[in-house]
There are 2 protein chains.
Amino acid sequence: MNAVTRAGLPLPRGEREARMAWSRITEPERSQAAVALIDEYGAEEAFARVAAGRAEGADRLQPRLAVLDLERDLHVLERIGARVLIPGDDEWPSGLDDLAVPPHCLWVRGPLHAGEACQRSVAVVGARSATSYGETTASDLAAGLCDRGFTVVSGAAFGIDAAAHRGALAVDGSTIAVLAGGVERPYPVAHRQLIDRIAEVGLVVSEVPPGSAPTKHRFLSRNRIIATATQGTLVVEAGLRSGSLSTANRALQHHRVLAAVPGPVTSMVSAGCHEYIRDRGAILVTDAAEAAEAVGQLGRDLAPAKRGPEKAGDDLDAAEAMVLAALPVRRPASVATLVLQTTLGDRELVACLGRLEVRRLAQRDGQGWRKATALRAGVGGGA
Amino acid sequence: MNAVTRAGLPLPRGEREARMAWSRITEPERSQAAVALIDEYGAEEAFARVAAGRAEGADRLQPRLAVLDLERDLHVLERIGARVLIPGDDEWPSGLDDLAVPPHCLWVRGPLHAGEACQRSVAVVGARSATSYGETTASDLAAGLCDRGFTVVSGAAFGIDAAAHRGALAVDGSTIAVLAGGVERPYPVAHRQLIDRIAEVGLVVSEVPPGSAPTKHRFLSRNRIIATATQGTLVVEAGLRSGSLSTANRALQHHRVLAAVPGPVTSMVSAGCHEYIRDRGAILVTDAAEAAEAVGQLGRDLAPAKRGPEKAGDDLDAAEAMVLAALPVRRPASVATLVLQTTLGDRELVACLGRLEVRRLAQRDGQGWRKATALRAGVGGGA
């Protein structure tokens, strides 16, 4: 590191170091100019130009350039066992390339291969002030999605996010937490254990460097990573103004699948889900099979059709069904009575009775007919 | 009444009597041949032909012809205070004309003008084994629809149907119960009071004559009346095999609006609603305003957009929002610190602070800035 910044600090060498440095001196998504420079010169040369004041807008980056300390960042990386991914890496989640202002790099902790894990992944997000219904549903869905080979990506927040991660961890599934602050800085603090566990078996990811605080702006930018690294976003519970809807909007903006879980209409934290199903084309999803179908590959992930319980007599034709319905349970009815009730002809009626008898749905009783005794609830009555 | 049937009973005179007689000797929807005859000859002449054995299929109608007693029917009508509507009557619900096999007539009890009441009407139907959530929701929706000038049509069954009628009655709304059996024969029996009350202030309707039992077949046929007399059907709760879904299918078949209320994904009686929203194009509806919008007239019945609670700083631009988020609550931050955090230029930052100060979101404190004290929850933090 021979070149130095105006403050006397060494300049980054190579694309990876340069992108680490870029992530230090810019804010997520507010670095369009930086992205344009990097596209033109490459990250290393672009950085050198800014450090030398030879680029438009370089002035406003000087305050952060002055405190840049790449040596320290490299030490921190080693200390926390993290690594840095940059575009073009095998491990780089390809979905991020859809972003107009993609992250300069990703700081990641954990054993998962980010690129592979994201290839079949779904964001499971939602309200921090979730209900127990929402949390249970999020856990179940996440577990079921993991069972189907999906990686569950979320934000480690209170409520739905944490429930989704926990559901994934509970079945030894693959899960990724994308943080708004540095990867060594669990937020919320109460989720330190959860986030550390994810870093042990999954992946903890951030586009902002170690030490960065999770500001509101960074939360919103973080959401675009969750929405685009995955093939689809599933909102489990969200109020009408929930921050998780910003992830939903990002998913829509980038043509990802958006799905939402319904809930009671009396629940304020389902109102956002209902609105997005009503008005934004979100797919209503009630279980992991449906979520997998919505987000997964055509053909591979078809949810089985839902079926109610089978009832005796399900496959009868209209006349048979009418005769069966007309048969009394106890006191047998004569053929004449049944003709009167059904308006079927004598011969058609007798033929129906015969077919019902063969199928043990009707039985003779003296001169008349009644429902077979084996037959109980589920036939006849209202509709 | 000079002409007589082969059994020696007088033949009906005029269209109305003839249609009453037709409803006696046929089963709902199983009378395509009768409808064709009536279309060709008129109800009176068609009936005479059948009575004389001079029509195809007349044979199978003989058993019921033999027990036809129009005099008794007219007496019953008078005793129970009912009347008979036929197609072409001012009071005939015009939607029924969409049916391939419409009712021959409607037997009705109650003060409502059926034709007018159905002109702005919605079917509110659902599971008999409803949850208290479903029943409360059905009542609320029915009441809200009545408040908006809709007539609530349902089937007086246990569960959702009864809750819908009760919700309508509770606000002195207009409600119609369509029964599968005779209008003088409350079914279920436990709903005698409810049905009598509907007959007092609304309307109790059936296409089958007094004395008819509510058979399974008649329930299914009844559902087509509920579905087509109205402009739309709203399913509040329905299991995957619920009979109320037959009403939903009829509504779709006849191009009526179909709407459904979501519920917990863990509730079996919401599964049918969810399926119809997912796969059949049912509109998800969470309140009466949305139901009115779905079923009502374009323009007249627009539901207000749902809004979450207002938050301070909602209308800030991106830079202002970022500065606001960066401002500490207690210990003031210097402009230099804020520049570092936001990566805004000095001048832009100071301009933002000025605008935030004017709006009482930011305040000076010594040499620095912090959030205005009036500002509490709702700004900053996660997303």
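Residues numbered from 1 in each chain as written. Chains lettered and ligands numbered in written order. Predicted model: local features only at pLDDT ≥ 70, side-chain atom pairs only at ≥ 80, totals over all residues.

Chemist: When you look at the overall build of chain A in this model, what are you seeing that I'm missing?
Modeler: Helix and strand counts for chain A stand at 16 helices and eleven strands. Taking 2.2 N^0.38 as the reference for a compact globule, 383 residues should give roughly 21 Å; the C-alpha atoms of chain A span a radius of gyration of 31 Å, well beyond that estimate. Once the C-alpha set of chain A is aligned to its principal axes, its extents read approximately 110 × 35 × 35 Å. Taken over 383 residues, chain A has a buried fraction of 54%. (Helix = DSSP H or I, 4+ residues; strand = E, 2+ residues; numbered from the N terminus. Rg over C-alpha atoms; globule rule 2.2 N^0.38 Å. Buried ≥ 20, exposed ≤ 12 C-beta atoms within 10 Å, placed from the backbone.)

Chemist: Just to check I follow, could you spell out the interface of chain B and chain A for this structure?
Modeler: By a widespread convention, an interface's size corresponds to the accessible area lost as its parts come together. Facing the 52 residues of chain B at the interface are 54 residues of chain A. Elements that contribute at least two residues to the side of chain B that touches chain A include exactly α4 (58–66), α7 (132–147), α10 (216–229), α12 (268–279), α14 (318–326) and α15 (335–342) of chain B. Split into classes, the residues belonging to the side of chain B that touches chain A amount to 22 nonpolar, 18 polar and twelve charged. (Contact = placed C-beta atoms within 7 Å. Nonpolar A, V, L, I, M, F, W, Y, C, P; charged D, E, K, R; others polar.)

Chemist: Explain the relation of the copies chain B and chain A to me, please; I cannot follow it from the model alone.
Modeler: In this structure, two copies of a chain are linked by a rotation about an axis accompanied by a shift along it. Overlaying chain B with chain A gives an RMSD of 0.1 Å, the required rotation being 180° about an axis along which the chain moves by 0.1 Å. Seen this way, the second copy is the image of the first under a two-fold rotation axis. Residue Gly263 of chain B of chain B places its C-alpha closer to the rotation axis than any other residue of that unit, at 2.3 Å. Comparing interface residues between copies, 100% of those in chain B also lie at the interface in chain A; the contact surface is shared. (Least-squares fit on C-alpha atoms with pLDDT ≥ 70 in both.)

Chemist: Honestly, the sheet that holds strand β4 (residues 151–154) of chain B in this entry has me stumped. Any pointers?
Modeler: Backbone-to-backbone hydrogen bonds pair the strands of a sheet. The strands run either parallel or antiparallel. Residue and element names in this part refer to chain B. The nine strands lie next to each other as β1-β2-β6-β5-β4-β3-β7-β8-β9, forming an open sheet whose pairing is mixed. Strands at the two margins of the open sheet, each flanked by one partner only, are β1 (82–85) and β9 (283–284). Where β1 meets strand β2 (residues 106–109), four bridges bridge the pair, whose relative direction is antiparallel. Across the sheet, Val84 pairs through a bridge with Trp107, a residue of β2. Sheet strands in contact with α12 are β7 (232–235), β8 (257–260) and β9, and its direction is about 130° off that of β8. (Pairing = 2+ DSSP bridges. Axes fitted to C-alpha atoms, helices over the stretch in contact; angles between N-to-C directions.)

Chemist: How should I be thinking about the domain arrangement of chain A in this particular structure?
Modeler: All names here are of chain A. Segmenting chain A into domains produces domain 1 (14–69), domain 2 (95–295) and domain 3 (318–371). Relative placement of domain 1 and domain 2: their C-alpha centres are 29 Å apart. Contacts between the two partners involve eleven residues from domain 1 and, on the opposite side, ten residues from domain 2. Of all the elements in the fold, those that place two or more residues in the side of domain 1 that touches domain 2 are α1 (14–25) and α2 (32–41). Here the side of domain 1 that touches domain 2 takes five residues from α1, the largest share from any one element. For the side of domain 1 that touches domain 2, the class distribution of residues is four nonpolar, three polar and four charged. (Domains from an automatic or database assignment.)

Chemist: Help me out: how do you make sense of the pairing of strand β6 (residues 203–206) of chain A in this one?
Modeler: Residues and elements named next belong to chain A. Residues Leu203 and Val205 line one face of β6 and the alternating positions Val204 and Ser206 line the opposite face, and both faces are buried. Looking at chain direction, strand β2 (residues 106–109) and β6 are connected through three bridges and run antiparallel. Bridge pairing in β6 links Val108 to Val205. Sheet analysis places strand β5 (residues 174–178) next to β6, joined by three bridges and oriented parallel. Paired with Ala177 across the bridge in β6 is Val204. Viewed along the sheet, the connection from β5 through helix α9 (residues 192–201) into β6 turns out right-handed. (Right-handed = clockwise from strand over helix to strand, strands pointing away.)

Chemist: What's the story with helix α14 (residues 318–326) of chain A in this structure? I'm lost.
Modeler: Among all positions in α14 of chain A, only Ala321, Met322, Val323, Leu324, Ala325 and Ala326 of chain A are buried. In the core, the buried residues of α14 of chain A are packed alongside α15 (335–342), α16 (346–358) and β10 (362–365) of chain A together with α10 of chain B.

Chemist: Hey, could you run me through the environment of Ser242 of chain A in this one?
Modeler: All names here are of chain A. Position of Ser242 relative to the elements: it lies in the loop between β7 (232–235) and α11 (244–253). Looking at Ser242, the number of C-beta atoms within 10 Å reads 27, which means it is buried. For the pair Ser242 and Ala127, spaced 115 residues apart in sequence, the C-alpha separation works out to 6.2 Å. Among residues more than four places away in sequence, those in contact with Ser242 are Ala127 and Gly272.

Chemist: Sorry if this is basic, but what is going on with the confidence of the model for chain A here?
Modeler: Caution is warranted with low-pLDDT regions, since their predicted coordinates should not be read in detail. All names here are of chain A. Model confidence for chain A is summarised by a mean pLDDT of 90, while 93% of its residues fall at 70 or above. Note that pLDDT drops below 50 for residues 376–383; the model gives that stretch 19 contacts with residues more than four away or on any other chain. This prediction of the complex comes with two scores: 0.82 for pTM and 0.80 for ipTM. (pLDDT = per-residue confidence, 0-100.)

Chemist: Looking at this model, I keep getting lost on the nonpolar core. Mind explaining?
Modeler: As a rule of thumb, nonpolar side chains are buried together in soluble globular proteins. Counting residues in each nonpolar core, the largest one holds 197 residues, and the members touching the most others are Val124, Val205 and Ala291 of chain A together with Val124, Val205 and Ala291 of chain B. In contact with Val205 of chain A, not counting residues within four places along its chain, are Leu106, Val108, Ala114, Ile176, Ala177, Val178, Leu179 and Val183 of chain A. (Core = buried A, V, L, I, M, F, W, Y, C linked by C-beta atoms within 7 Å.)

Chemist: Where do I start with the packing of α14 of chain A against α15 of chain A in this structure?
Modeler: Geometry of a packed helix pair, given as the angle between the helix axes and the separation of the axes. Residue and element names in this part refer to chain A. Close contact between α14 and α15 brings their axes to 10 Å; oriented N to C, the two are set at 120°. Judged by the angle between their axes, α14 and α15 are oblique. Of the two possible hands of crossing, α14 and α15 adopt the one that is right-handed. Facing Met322, Val323 and Ala326 of α14, the residues of α15 in contact are Leu338, Gln341 and Thr342. When its residues are assigned to classes, the contact of α14 with α15 shows four nonpolar, two polar and no charged. (Parallel < 35°, antiparallel > 145°, perpendicular 65-115°, else oblique. Left-handed = near helix turned anticlockwise from the far one by under 90°.)

Chemist: Just to check I follow, could you spell out the pairing of β7 of chain A for this structure?
Modeler: The side chains of a regular strand alternate between both faces of the sheet. Residues and elements named next belong to chain A. Side chains Gly232 and Leu234 of β7 all project onto a buried face; the interleaved residues Thr233 and Val235 project onto the opposite face, where all are buried too. In terms of strand pairing, strand β3 (residues 121–125) meets β7 through four bridges, oriented parallel. Across the sheet, the residue bridging to Val122 is Gly232, located in β7. For the handedness criterion, the β-α-β arrangement of β7, α11 and strand β8 (residues 257–260) is classed as right-handed.

Chemist: Please explain the sheet that holds β8 of chain A as it appears in this structure.
Modeler: All names here are of chain A. Across the sheet, which stays open at both edges, the nine strands sit in the order β1-β2-β6-β5-β4-β3-β7-β8-β9 with mixed pairing between neighbours. Bordering the open sheet on either side are β1 (82–85) and β9 (283–284), each of which pairs with just one other strand. The sheet strands contacting helix α12 (residues 268–279) are β7, β8 and β9, and the helix crosses β8 at an angle near 130°.

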